[in-house]
Every structure is written in C-alpha cells, then in structure tokens.
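Structural features, examined
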Amino acid sequence: MTIRPYQNKDYKQILRMLNQSMDYHMNIADPPVFKESKNRGKLIANFLRSLVAKTRRSTGVLLVAEESPRELSGFVYGEMPKYSEDATSIRKRCGRVEEICVADNYWNKGIGVKLMKEIEDLFIKNNCDVVLLNDVHRKNTPAINLYEKLGYHVRVSEYVKDLKN
C-alpha cells in the first residue's frame, strides 16, 4: 500500500467511498439529521469537487491510500489554514482533518492509521502544533477507536435538536 497525493484519476473511486460513508452515517445518525435526497449524488460530487479545488490552493491536502494502480483503499483530506479561529481559542497553529474514509472492504487493515499518521507528519512539517478532527459522530465506534488509539481526545461536544419533529 502506498500513500500519495490525489490525482484526477482517483475521482470516481473517492466518490464511491464517499457514498459508502454517507450510507454508513445515515444508518448511525441519531437523531436522524441526514435525510435521503434525490440530489444526494450531486451533493456528494460537489463536496468532492470542493475538496479537490482546495488542494489546488495552499490550504488543503488530499492523500489517497493506493493498493494497486487501479484500486484505492482510502483517503484523508486536511487543511492547514494560515489563520484559524481555533488558533485564537487554543493559541496554537492547527491542522484540521476534515474527512477520512476507508473503503468498506479495507476496514480493520490499518489503512486509517497510516492515513492519519501521514497527514500528521505533513502537519508537523508545516509547523502545526495540534490536529483537530471535524464531526466525529458519537456512534461511529470504529472512528472513535482509531482516534483514541492514535492519542486523540474529546475537547468539545456538539448537541443537536431536530426542530421539525
């Protein structure tokens, strides 16, 4: 397995992984804040295009785990903003992991650990002092176990209330 920067040829496989991830998150959501949408494919494609666009600027990095020249097993996207609101609240330069995804058939094979360590190394090379993770659902036990194994801990909790039910 090789970890390398995103290339345009990776787009369809990452899109497939994002769809798998959305299926997983829709199943664990409580309360169900996600809803199925006829525009789901378009929304996920737009999200991926926005990640790719950010990598073209200096703030974002998209790394893929490649098993063979035609097969990806996962990806991680992170940002290293020059200035961030987090820097003012915790007084450190922050790297932020916005998205990490491992293809279902590669779970429990160490791919997530390798992707996280690779992006952490990149953050260190860019003088980041801490790494922040975005939106880890409390029922996403595999992700929580991964992050705790790597030394992450909870800093804040987010609460949600569905006003339509």
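The following refers to the structure shown. Remember, predicted model here, so these are calculated numbers, not experimental data.

To continue, consider helix α2 (residues 40-56). Quick reminder: α-helices carry 3.6 residues per turn. Residues three or four places apart thus point the same way. In this model α2 runs 25 Å from its N-terminal to its C-terminal C-alpha over 17 residues, within 8% of the 24 Å that 1.5 Å per residue would give. Here α2 has its buried residues at R40, I44, A45, L48, L51 and V52. Down the axis of α2, the sector holding all buried residues measures 130°, keeping them to one side. Among the exposed residues of α2, those oriented more than 90 degrees off its buried face are K42, L43 and R56. Against the buried residues of α2 lie α1 (11-28), β2 (60-68) and β3 (71-79).

It is worth spelling out the sheet that holds β3 at this point. Here five strands make up an open sheet; going across it, the order is β1-β2-β3-β4-β5 and the pairing mixed. Because the sheet does not close on itself, it has two edges, and the strands there are β1 (2-5) and β5 (130-133). Taking each pair of neighbouring strands and ignoring which way they run, the sheet shows an average axis angle of 30°. Pairing between β3 and strand β4 (residues 94-102): six bridges, direction antiparallel.

As a further point, take the pairing of β2. Most of β2 is tucked away, with seven of its nine residues classed as buried. In terms of strand pairing, β1 meets β2 through four bridges, oriented antiparallel. Within the sheet, the bridge partner assigned to T2 lies in β2 and is E66. One ladder, built from eight bridges, connects β2 with β3; its direction is antiparallel. Within β3, the residue paired with V64 across the bridge is F75. Where β2 folds back on β3, the antiparallel hairpin that results is connected by two residues.

Turning our eyes to something else, we now look at the nonpolar core. Counting 38 residues, the largest nonpolar core has I14, F75 and M116 as its most contacted members. Among the secondary structure elements, those contributing two or more residues to this core are α1, α2, β2, β3, β4, α4 (111-125) and α5 (141-149). The element contributing the most residues to this core is α4, with six residues.

This part takes up α4. Relative to the 21 Å expected for 15 residues at 1.5 Å per residue, α4 spans 21 Å between its end C-alpha atoms, a close match to the ideal helical length. On the buried face of α4, the contacting elements are β1, β2, β3, β4, β5 and α5. Downstream of α4 by one or two residues, N127 has phi in the positive range, about 65°.

All told, the structure shown has four salt bridges when counted by the stated rule. Across the pair D10 and R4 runs a salt bridge, and its minimum N-O distance is 2.7 Å. The exposure class of D10 is buried, given its relative accessible area of 2%. Among the ionic pairs, E98 bridges to R96, the shortest N-O distance being 3.8 Å. Using a relative accessible area of 25% as the deciding quantity, one classes E98 as partly exposed. Among the charged side chains, a salt-bridge network with shared partners connects R4, D10 and E66.

Cut-offs used in this document
Residues numbered from 1 in each chain as written. Predicted model: local features only at pLDDT ≥ 70, side-chain atom pairs only at ≥ 80, totals over all residues. Heavy atoms only, no water. Helix = DSSP H or I, 4+ residues; strand = E, 2+ residues; numbered from the N terminus. Expected span 1.5 Å × (residues − 1). Buried < 20%, exposed > 50% of the residue type's maximum accessible area, 1.4 Å probe, protein only. Arc of directions from axis to C-beta. Contact = heavy atoms within 4.5 Å. Pairing = 2+ DSSP bridges. Axes fitted to C-alpha atoms, helices over the stretch in contact; angles between N-to-C directions. Core = buried A, V, L, I, M, F, W, Y, C linked by side-chain atoms within 4.5 Å. Salt bridge = Lys/Arg side-chain N within 4 Å of Asp/Glu carboxyl O.

Geometry only, nothing functional implied.
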